[in-house]
Amino acid sequence: MPLDDLAARAAALPVLTTPRLTLSPPEISDFDDSVAMWCEPEVYRYVGGRASTREESWARLLRARGLWALLGYGYWAVRETATGRYVGEVGFADFHRDIEPSFEGVPEMGWVLAGWSHGQGFGTEAVSAGLAWGERRWGRDPVVCIIHPDNAASLALAAKTGFVEQARTTYKESPTVLLRRG
């Protein structure tokens, strides 16, 4: 594909705005902020249980951006509009997870927020914006998410944005709650 075509496709990726946030597909300039966030214990506590290496964070950024090219949806880097401060990552994927019950082919929503932003309603604002975009794209088709059962804040955010528990299961030897919306 010619570079001009790639640039045009990249420019067409959706940027979402809310009263306080800007959600845009991740750029290389988001890398250092993402690395810092994934080293915060309150961030990784329920997602892998350890800080991510720079290499793992780089692979996560490439995957997040690649989802857009392959599936037409993916993750957004979330920034506070007024300050440009990195809030986190929110979006959709199909990771072909080895989990029962299977939800392969159903968009999976995920979110992670920098510790400084917890408790300010940014999660609700960003997830709601992503879900509204998803409804414009897929209508009322189902969307799922998986959350560690001890992650009370994420479970509350999921409930607030319309997700309902579907099953208690295990993923990568860790207890997991599977929730569905739509």
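These lines cover the structure that appears in this document, whether it is placed above or below.

How each quantity is defined
Residues numbered from 1 in each chain as written. Predicted model: local features only at pLDDT ≥ 70, side-chain atom pairs only at ≥ 80, totals over all residues. Heavy atoms only, no water. Helix = DSSP H or I, 4+ residues; strand = E, 2+ residues; numbered from the N terminus. Rg over C-alpha atoms; globule rule 2.2 N^0.38 Å. Buried < 20%, exposed > 50% of the residue type's maximum accessible area, 1.4 Å probe, protein only. Areas by Shrake-Rupley, 256 points an atom, 1.4 Å probe, with all protein chains shown as cover. Lys, Arg positive; Asp, Glu negative; His and termini not counted. Charge placed at Lys NZ, Arg CZ, Asp CG, Glu CD. Phe/Tyr/Trp six-rings, centres within 6.5 Å; stacked < 30°, edge-to-face > 60°. Contact = heavy atoms within 4.5 Å. Pairing = 2+ DSSP bridges. Salt bridge = Lys/Arg side-chain N within 4 Å of Asp/Glu carboxyl O. Core = buried A, V, L, I, M, F, W, Y, C linked by side-chain atoms within 4.5 Å.

Take the overall build of the chain next. Per the secondary structure count, the chain includes six helices and eight strands. Listing the helices and strands of the chain from first to last along the sequence gives α-β-β-α-α-α-β-β-β-α-β-α-β-β. Here the chain has a C-alpha radius of gyration of 16 Å; the compact-globule value for 182 residues is 16 Å, and the two agree. Along the longest, intermediate and shortest principal axes, the C-alpha atoms of the chain span 45 × 35 × 35 Å. In the chain, buried positions account for 46% of the 182 residues. Accessible surface for the chain amounts to roughly 9,600 Å². Of this, 54% is attributable to carbon and sulfur atoms. Both charge centroids of the chain, one from 19 positive and one from 23 negative side chains, sit 4 Å from each other.

To continue, consider the packing of aromatic side chains. This model, assessed by the stated rule, comprises 11 aromatic pairs. Ring centres of Trp 68 and Trp 133 lie 5.6 Å apart, and the angle between their planes is 75°; on these two criteria the pair is classed as edge-to-face. Of this pair, Trp 68 sits in helix α4 (residues 54–71) while Trp 133 is found in helix α5 (residues 122–138), placing the two residues 65 residues apart along the sequence. When the centroid spacing of 5.1 Å and the interplanar angle of 85° are considered together, the rings of Tyr 73 and Trp 138 count as edge-to-face.

Relative to the helices and strands, Cys 145 is located in strand β6 (residues 143–147). Counting along the chain gives 36 residues from Cys 145 to Arg 181, while the straight-line C-alpha distance between them is 8.6 Å. In this structure Cys 145 touches Glu 108, Met 109, Trp 111, Ala 158, Phe 163, Val 177, Leu 178 and Leu 179, once residues within four positions along its chain are discounted.

Further remarks concern unusual backbone geometry. Backbone torsion omega between Glu 100 and Pro 101 reads 0°, so that peptide bond is classified as cis. Of note, Pro 101 is situated in the loop between β4 (86–93) and β5 (108–113). At Lys 172, a position not held by glycine, the phi torsion is positive, near 50°. With respect to the helices and strands, Lys 172 occurs in the loop between β7 (164–171) and β8 (174–181).

On to the pairing of β5. Within β5, six of the six residues are buried, which leaves the element mostly enclosed by the surrounding structure. The alternating pattern of β5 places Glu 108, Gly 110 and Val 112 on one face and Met 109, Trp 111 and Leu 113 on the opposite face, and all of these are buried. Here β4 pairs with β5 via six bridges, running antiparallel. Bridge pairing in β5 places Gly 91 opposite Gly 110.

One pass over the structure, following the stated rule, counts 10 salt bridges. For Arg 181, the salt bridge identified is with Glu 135, shortest N-O distance 2.9 Å. One end of the pair, Arg 181, is in strand β8; the other, Glu 135, is in helix α5, with 46 residues separating them in the sequence. Accessibility expressed as a relative area gives 29% for Glu 135, which makes it partly exposed. Notably, a salt bridge pairs Arg 168 with Glu 165, separated by 2.9 Å at the nearest N-O pair. A single network of salt bridges, built from pairs that share partners, joins Asp 30, Asp 33 and Arg 79.

By size, the foremost hydrophobic cluster in this structure holds 29 residues, and its most contacted members are Phe 92, Met 109, Trp 111, Trp 133 and Phe 163. Put simply, the parts of the chain that give this core at least two residues each are β2 (21–24), β3 (75–80), β4, β5, α5, β6, α6 (152–160) and β8. A per-element tally of this core places α5 first, with seven residues. For Met 109, the residues in contact, after removing those within four places along its chain, are Tyr 75, Val 90, Gly 91, Phe 92, Val 127, Gly 130, Leu 131, Val 143, Val 144, Cys 145 and Phe 163.

Take the pairing of β2 next. Only one face of β2 is buried, namely the one carrying Leu 21 and Leu 23, since none of Thr 22 and Ser 24 on the opposite face is buried. By the bridge criterion, four bridges tie β2 to β3 in an arrangement that is antiparallel. Each residue of the ladder has a partner; that of Leu 21, found in β3, is Glu 80.

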